[in-house]
Amino acid sequence: MAKMTMVQALNLALRQEMAKDERVIVLGEDVGLDGGVFRVTEGLIQEFGEERVIDTPLAESGIAGMSIGMAVYGLRPVCEMQFSGFSYYALHQMEAHAARLRWRSGGRFSVPMVLRCPYGGGVRALEHHSESREIYWAHTPGLKMVIPSTPRNARALLVSAIRDPDPVVFYEPKASYRAFREEVPEEEETFPLGTSVVAREGKDVTIITYGAMLRPTLEAAEQLKEKDGIEAEVIDLLTLMPLDDALFTASARKTGRVVVVHEAPRTYGAGAELVARLVEKSFLYLEAPVKRVTGFDIVIPLYQREMEYLPGVFRIAEAVRETLRF
Amino acid sequence: MPRQEIDLPHRLEYLSILDENGQVDTSLEPDIPAELLLKLHRAMVLGRRFDERMLTLQRQGRIGTFAPIKGQEASQIGAVAVLSSQDWLVPAFRETAAEIWRGKPMENVLLLFSGYNEGGQIDDALRNLPIAIPVGSQPLHAVGLGYGIKYHKKQEVVMTFFGDGATSEGDVHEALNFAGVFQVPVIFVCQNNHWAISIPRGKQTRAKTLAQKALGYGIPGMAVDGNDILAMVAAAKEAVERARSGGGPTFIEAITYRMSVHTTADDPKRYRTDEEVQEWVKRDPIVRFETYLGSKGLLTEEAAKAVDEEVRAEVKAAEERWAKRIEGPLDPITMFDGAFAELPPHLVSQREELKRELEAQKREAHHG
């Protein structure tokens, strides 16, 4: 097994799926010769040619809308939005059509496409390059919403997303693109959408998170163990829609205390849904109010202050201690 | 020379063959077999009668809101008439006659507009996308289909429809631009019916024509008398042949008129005069085509009457099939169908939730 960054792992997924299935086509802005601004599609145009790796004009709605038509025709388009902050041009196409064509046509047509975008803060970027708006997609009936957290699960989830018969929005935590490496097997690996995992076992408290927030959460869990002897269980959601609530509600029943961590704004964020599910399914087991550690309900500040905005190890660990003190 | 006229690759033409009095320009008259001419006529009459019947059903409260096509029969039937069954139709929402030409059952139209999802179902044999209501959003899908055709080296083409209002939407421009860049086999038919609800064509854009927008994307464009079925067939045929032979996309502006309301929820008296409508009544596409067919000896008054009667009977039969269908059990639980290929657990449980509620309501109604 080779140690890879998430960028390399995503590239491996695309390369192998394209080699395996000629219906898989990559399209987006600068995805060809440039290899994508983050290099996720590097080398694909040389290997598969410009018919299958399409440098499109600069128009996100156009990219999504064209992908819809391609998918209806039977292709498996994997389109890239250069940054999630520019993907809202495509939101209408995804909401109005990608998410509904199966339903609208009584099952005659389907839209097996993947819309990939880098999301999230922490890379010292410009405005519009750091936000976390996954809930726009997760709230849309008919779309699936996936957010990997490590190179290995990113690769496996992207393969499964490409093979999924329905449209999948695939958010890539750009703060984790090159932050660390992980062993990724060369042989094919998939991971079922709608399944979460235990990223760290523990008995005292459950921390639910996803995407780029997994790393500071695991770090906080380690610190809590060392400094306070607290054993936190960390659940990595991986898919926000459909949401696997079996694993985290079971964990909550075991620990009785839950902290939710995400970088998106708090109000109506993923945490709101997680708390609602906990109340519905684990109410009698909860021994403390569920705490939300999230971005604030404001625009993420420019990069000099983004680290103060984003949940970090300190904020997460403090929230866990408070939950345990209750 | 520092300042000179730029030579663009395409020029803009206006095409009219059969004028509003039914006089034909024989130098341009397309060679259409008599059988097809009569089929076109019949489809136009069917489109008109079905539209009228739907309006009545709507006024009676038996179906909900819909967008009538009255006056636009030639611009849509003339265009789709040149497609084969292997070609694709990507409609907006005012192409009912074109959809029927392409095999959509009238009872499905009624089912859809009487509020049943089942009406949106597309038969496996048909290559018609469902109607798209968000204005101007669907031409991009045509581009994607066109890309698939080109990628698989098929001989199919795609025809997509939208209106004059849609030319203000960004997605239409993105579609035209992408189509030009990728040279996909797509025919863009813009039915310029002069009104986007209450906004007249002149307030939609400063441009003299809509067809000229094609030039901005390096693709051929043509303005056509959309109430002239011969011109529509000729223009569409040229565009389809170009697309099928690898020549890429074409933009056709079909200049027509929305003789009826925008939708049944609209009152055009608020924004346009009856005089204007009457001017266009004189240019009715069916009247002039009947004059033409008469002068060619293909349609007598009696024959026209017979067509009208047959078509009315066809509409009536479809209405009866629809009425019977909605009498039968149309289970609300089907609202979950087609959400995903396979229902995820949360939807299975929400579906169960509704099922229990429906059963409880039924029990209550039974005992109460």
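Here is what the cut-offs are and how they apply
- The numbering scheme is per chain: residues are counted from 1 as the chain's sequence reads.
- Whichever chain is written first is A, and whichever ligand is written first is 1; the rest continue in order.
- For this predicted model, a pLDDT threshold of at least 70 governs which residues receive local features, and a threshold of 80 or more governs which side-chain atom pairs are given and counted, while totals over whole chains, interfaces and linings are taken from all residues.
- With hydrogens and water set aside, each side-chain value is computed from the structure's full complement of heavy atoms.
- Elements are defined by DSSP. Helices are runs of H or I of four residues or more, strands are runs of E of two residues or more, and each kind is numbered from the N terminus.
- Our radius of gyration is a C-alpha quantity, and the globule rule it is checked against amounts to 2.2 Å times the number of residues to the power 0.38.
- Relative accessibility under 20% of the residue-type maximum defines a buried residue, over 50% an exposed one, and the middle range a partly exposed one, all with a 1.4 Å probe and only protein chains included.
- Using a 1.4 Å probe, accessible areas were evaluated by the Shrake-Rupley method; residue-level cover was limited to the displayed protein chains.
- The positive count covers Lys and Arg only, the negative count covers Asp and Glu only, and His and the chain ends enter neither.
- For this purpose, a charge sits on NZ of Lys, CZ of Arg, CG of Asp or CD of Glu.
- The set of buried Ala, Val, Leu, Ile, Met, Phe, Trp, Tyr and Cys residues whose side-chain atoms join them within 4.5 Å is what this entry labels a nonpolar core.
- All domain edges in this entry derive from an automatic or database-based domain assignment.
- Pairing between strands requires that DSSP locate at least two bridges from one strand to the other.
- Contact definition: two residues touch when any of their heavy atoms are within 4.5 Å.
- The term buried area means the drop in 1.4 Å probe accessible area that two parts suffer when joined, counted for both and summed.
- By definition, a salt bridge exists where a carboxyl oxygen of Asp or Glu is found within 4 Å of a side-chain nitrogen of Lys or Arg.
- Whenever a nitrogen or oxygen atom comes within 3.5 Å of another N or O atom, the pair is scored as a polar contact, on the condition that within protein one atom can donate a hydrogen and the other can accept it, and that pairs from neighbouring residues in sequence are kept only if both atoms are in side chains.
- Residue classes follow a fixed rule: Ala, Val, Leu, Ile, Met, Phe, Trp, Tyr, Cys and Pro count as nonpolar, while Asp, Glu, Lys and Arg count as charged, and any other residue, Gly among them, counts as polar.
- To estimate how far a helix should extend, the number of its residues minus one is multiplied by 1.5 Å.

Chemist: How would you sum up the overall build of chain B? Please name residues and give values.
Modeler: Helix and strand counts for chain B stand at 13 helices and eight strands. Relative to a compact globule of 368 residues, whose C-alpha radius of gyration would be 21 Å, chain B shows 22 Å and is just as compact. Considering only C-alpha atoms, chain B reaches an extent of 85 × 55 × 45 Å along its principal axes. Residues counted as buried form 53% of the 368 residues belonging to chain B. Summing over all exposed atoms, chain B offers an accessible surface of approximately 17,300 Å²; the carbon and sulfur share of this is 50%. Counting 44 positive and 54 negative side-chain charges, chain B places the centres of these two groups 2 Å from one another.

Chemist: Tell me about the nonpolar core, and please be specific about residues and values.
Modeler: The biggest cluster of nonpolar side chains holds 80 residues, and the ones touching the most others in it are A:Leu115 and B:Tyr147. With 67 residues, the next largest nonpolar core counts B:Ile100, B:Met222, B:Ile252 and B:Ala318 among its residues.

Chemist: So what's going on with unusual backbone geometry? Residues and values would help.
Modeler: A cis amide bond links A:Met241 with the next residue in sequence, A:Pro242, at an omega value of -5°. Within the element layout of this structure, A:Pro242 appears in the loop between strand 12 (239-241) and helix 9 (245-255). Phi is positive for A:Leu238, which is not a glycine, with a value near 65°. Tracing the backbone shows A:Leu238 in the loop between strand 11 (232-236) and strand 12. Judged by its relative accessible area of 2%, A:Leu238 is buried. Phi at B:Ile197 is positive, roughly 45°, even though this residue is not glycine. Along the chain, the position of B:Ile197 falls in the loop between strand 5 (195-196) and strand 6 (199-200).

Chemist: Help me get a handle on the domain arrangement of chain B, residues and values and all.
Modeler: By domain assignment, chain B separates into domain 1 (14-326) and domain 2 (332-367). The straight-line distance from the C-alpha centre of domain 1 of chain B to that of domain 2 of chain B is 38 Å.

Chemist: Can you lay out the pairing of strand 5 (residues 114-119) of chain A for me, pointing to particular residues and giving the numbers?
Modeler: All names here are of chain A. Counting buried residues along strand 5, six of its six residues qualify, which places the element largely inside the surrounding structure. Both faces of strand 5 are covered, namely the face carrying Val114, Arg116 and Pro118 and the face carrying Leu115, Cys117 and Tyr119. Inspection of the sheet shows strand 4 (residues 76-80) paired to strand 5 by three bridges, in the parallel sense. Across the sheet, valine 78 pairs through a bridge with valine 114, a residue of strand 5. Pairing of strand 5 with strand 7 (residues 168-173), which is carried by six bridges, proceeds in the parallel orientation. By the bridge assignment, proline 118 is partnered in strand 7 with glutamate 172.

Chemist: I'd like a rundown of the domain arrangement of chain A, residues and numbers included.
Modeler: Residue and element names in this part refer to chain A. What the domain assignment lists for chain A is domain 1 (2-184) and domain 2 (197-325). A C-alpha centroid distance of 26 Å is found between domain 1 and domain 2. With 30 residues of domain 1 in contact, the opposing surface of domain 2 contributes 24 residues. In total, about 2,000 Å² of surface goes out of reach between domain 1 and domain 2, with carbon and sulfur atoms giving 60% of it. For the interface between domain 1 and domain 2, the tally reads zero salt bridges. Inspection of the domain 1/domain 2 interface yields nine residue pairs in polar contact (both at pLDDT 80 or more). Every element with two or more residues in the side of domain 1 that touches domain 2 is listed here: helix 6 (134-138), strand 6 (144-146) and helix 7 (151-163). Its residues assigned to classes, the side of domain 1 that touches domain 2 comprises 15 nonpolar, nine polar and six charged.

Chemist: Give a description of helix 3 (residues 60-73) of chain A that names residues and reports values.
Modeler: Under the 1.5 Å per step criterion, the end-to-end length of helix 3 of chain A is 20 Å for 14 residues, consistent within 8% with the ideal 20 Å. Residue A:Gly74 follows helix 3 of chain A closely and has a positive phi angle near 115°.

Chemist: An account of the interface of chain A and chain B is requested, with residue identities and associated values reported.
Modeler: Every contact between the two is made by 42 residues of chain A and, on the other side, 44 residues of chain B. Across the chain A/chain B interface, buried area totals approximately 3,400 Å², and carbon plus sulfur atoms make up 66% of it. The set of elements that each furnish at least two residues to the side of chain A that touches chain B consists of strand 3 (53-55), helix 3, helix 4 (88-98) and helix 5 (101-104) of chain A. Considering every element that reaches the side of chain A that touches chain B, the biggest residue donor is helix 3 of chain A, with eleven residues. Each residue belonging to the side of chain A that touches chain B can be placed in one class, and the counts come to 19 nonpolar, eleven polar and twelve charged.

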